[in-house]
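Chains, contacts and geometry: an overview
Below are the chains, spelled out letter by letter.
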Amino acid sequence: MPDASLDLPGFAHVYSGKVRDLYAPLDAASGAPRPDRLLLVASDRISAYDFVLDTPIPDKGEVLTRLSLWWFAQLEDLVPNHVVSADVPDAVRGRAVLVERLEMLPVECVARAYLTGGGLEEYTAKGAVSGIPLPSGLVDGDRLPEPVFTPSTKAPMGQHDEPIPFGAVEAEIGSALAARVRDLTVAILQRGNEVAAERGILLADTKVEFGLRGDEVVLADEVLTPDSSRFWPADQWEPGHPQPSFDKQYVRDWLTSPASGWSRSSGEAPPALPDDVVARTRSKYVEAYERLTGETF
Ligand code: PZK
């Protein structure tokens with residue numbers, strides 16, 4: 001079903017997520033998978049309402065890969081990253097990155113600058129997120145008094161990550177490492193917001209993953225893409241209701257409109273997207289890339 005069907009000579013398929021695939025380069029001499037490298041391939045697949053849609057968004061994989069590479073460079077003074085090279089096979093050129101294989105930390109590192117999504121749910125139920133008490137009366141989309149680290153479990157695919165208190169992260173990886181990834185995650189969110197603010201974009205929250213190179217914490221996976229973060233147009237920000245998603249709003253609006261004939265609660269797979277929804281969604285990904293980086297896609 002994924003691009004796992006992709007035949008990449010010299011690489012062995014390792015794993016597929018919803019929208020990305022992982023390969024191991026094969027050692028030229030022995031033909032064995034190299035233990036020290038991985039190839040991270042971003043597909044054009046898009047997910048919405050927990051489904052991977054049948055209709056790809058052209059260039060989505062390349063937009064997200066280039067954006068992630070650009071952000072790694074913006075963050076280089078804060079944290080080392082896993083990128084080795086963007087020189088990859090032609091079949092995946094532009095949408096794949098060769099990375100250093102790390103010992104991944106078993107935590108989803110999330111930081112929030114604005115209250116929405118799972119953070120809002122937890123706040124509504126408990127008046128706190130990740131055990132951090134927040135002022136009363138906050139509404140969907142409000143800016144938090146200060147950014148908060150709200151880690152979660154890494155759930156197997158198809159299941160939802162569960163929020164965990166900071167103490168559970170300490171128990172899992174040790175207090176020193178927990179403090180290090182908390183501080184790095186918040187610093188990445190802060191830097192992301194400083195850069196995005198210059199382009200009229202707010203960064204509500206972001207999820208990052210870290211690995212270890214010896215005892216050094218290294219930023220892995222993708223970073224500050226629309227698939228890992230919520231970006232909002234600053235000029236449309238209006239707390240009190242869900243903010244329009246920069247990238248997926250046309251998809252969500254069409255899927256939940258009568259025109260799609262689909263009901264979220266049906267449990268059925270969503271229908272194929274019409275061409276105009278695909279084209280406008282592609283434009284939003286390109287716009288996000290161009291506004292954030294200041295470069296033409
Ligand atoms: C790694 N994932 C998630 C990403 C997928 C799944 N540098 C690394 N070293 C070791 N493991 C990983 C990484 C990274 N990044 C990342 N799972 C393992 C993932 C992309 C596609 F299918």
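Residues numbered from 1 in each chain as written. Predicted model: local features only at pLDDT ≥ 70, side-chain atom pairs only at ≥ 80, totals over all residues. Heavy atoms only, no water.

1. Section: the pattern of salt bridges
Counted only if it meets this: By salt bridge we mean one thing: a side-chain nitrogen of Lys or Arg within 4 Å of a carboxyl oxygen of Asp or Glu. Secondary structure counts use DSSP, requiring at least four H or I residues in a row for a helix and at least two E residues in a row for a strand, with both numbered from the N terminus. Each residue is assigned to one of three classes by its accessible area relative to the maximum for its type, calculated with a 1.4 Å probe on protein chains only: buried under 20%, partly exposed between the two thresholds, exposed over 50%.
This model, assessed by the stated rule, comprises 22 salt bridges. One salt bridge connects Asp221 with Arg20, and the closest N-O pair in it is separated by 3.0 Å. Of this pair, Asp221 sits in the loop between β14 (216-220) and β15 (229-233) while Arg20 sits in strand β2 (residues 20-25), and the two are 201 residues apart along the sequence. By relative accessible area, which is 17% here, Asp221 ends up buried. We classify Arg20 as partly exposed; its relative accessible area is 23%.

2. A word on the site of the ligand
So the rule is basically this: Nearness of a residue to a molecule or strand requires only that one of the residue's heavy atoms be within 4 Å of it. Nitrogen and oxygen atoms within 3.5 Å of one another constitute a polar contact, given that in protein one can donate a hydrogen and the other can accept it, and given that sequence-neighbouring residues count only through two side-chain atoms.
Near the ligand you find 16 residues, and of these Tyr15, Gly17, His82, Glu100 and Leu102 are the closest. Leu102 is positioned with one of its backbone polar atoms (N or O) 2.8 Å from a nitrogen atom of the ligand. Broken down by secondary-structure element, the contributors of at least two residues to the shell around the ligand are β1 (11-16), β2, β3 (37-42) and β7 (96-100). A per-element tally of the shell around the ligand places β2 first, with three residues.

3. Some points on helix α1 (residues 60-74)
Rules: Here a helix's expected span is defined as the number of its residues, less one, multiplied by 1.5 Å. When checking whether two residues touch, look at their non-hydrogen atoms; a contact exists if any pair is within 4.5 Å.
Taking 1.5 Å as the rise per residue, α1 with 15 residues should run 21 Å; its terminal C-alpha atoms sit 21 Å apart, in good agreement. Listed as buried for α1 are Lys60, Gly61, Val63, Leu64, Thr65, Leu67, Ser68, Trp70, Trp71 and Phe72. Considering only its buried residues, α1 is in contact with β3, β6 (83-85), β7, α4 (175-197), β14 and α6 (275-293).

4. As for the packing of helix α3 (residues 166-173) against α4
When two helices pack together, their arrangement is given by the angle between the helix axes and the distance between those axes. Put simply, the rule reads: Here, axes are lines fitted to C-alpha atoms. For helices the fit covers the stretch in contact, and angles between N-to-C directions go from 0 to 180 degrees. Should an angle fall under 35 degrees it is called roughly parallel, over 145 degrees roughly antiparallel, and 65 to 115 degrees roughly perpendicular, with every other angle called oblique. By the definition used in this description, the sense in which the near helix is turned from the far one sets the handedness, with an anticlockwise turn below a right angle giving left-handed and a clockwise turn giving right-handed.
One way to put it is that α3 packs onto α4 with a least axis distance of 7 Å and a crossing angle of 125°. Compared by their axis directions, α3 and α4 come out oblique. The chirality of how α3 crosses α4 is right-handed. Taking contact as the criterion, the partners of Phe166, Val169, Glu170 and Ile173 in α3 are, on α4, Ser175, Leu177, Ala178, Ala179, Val181 and Arg182.

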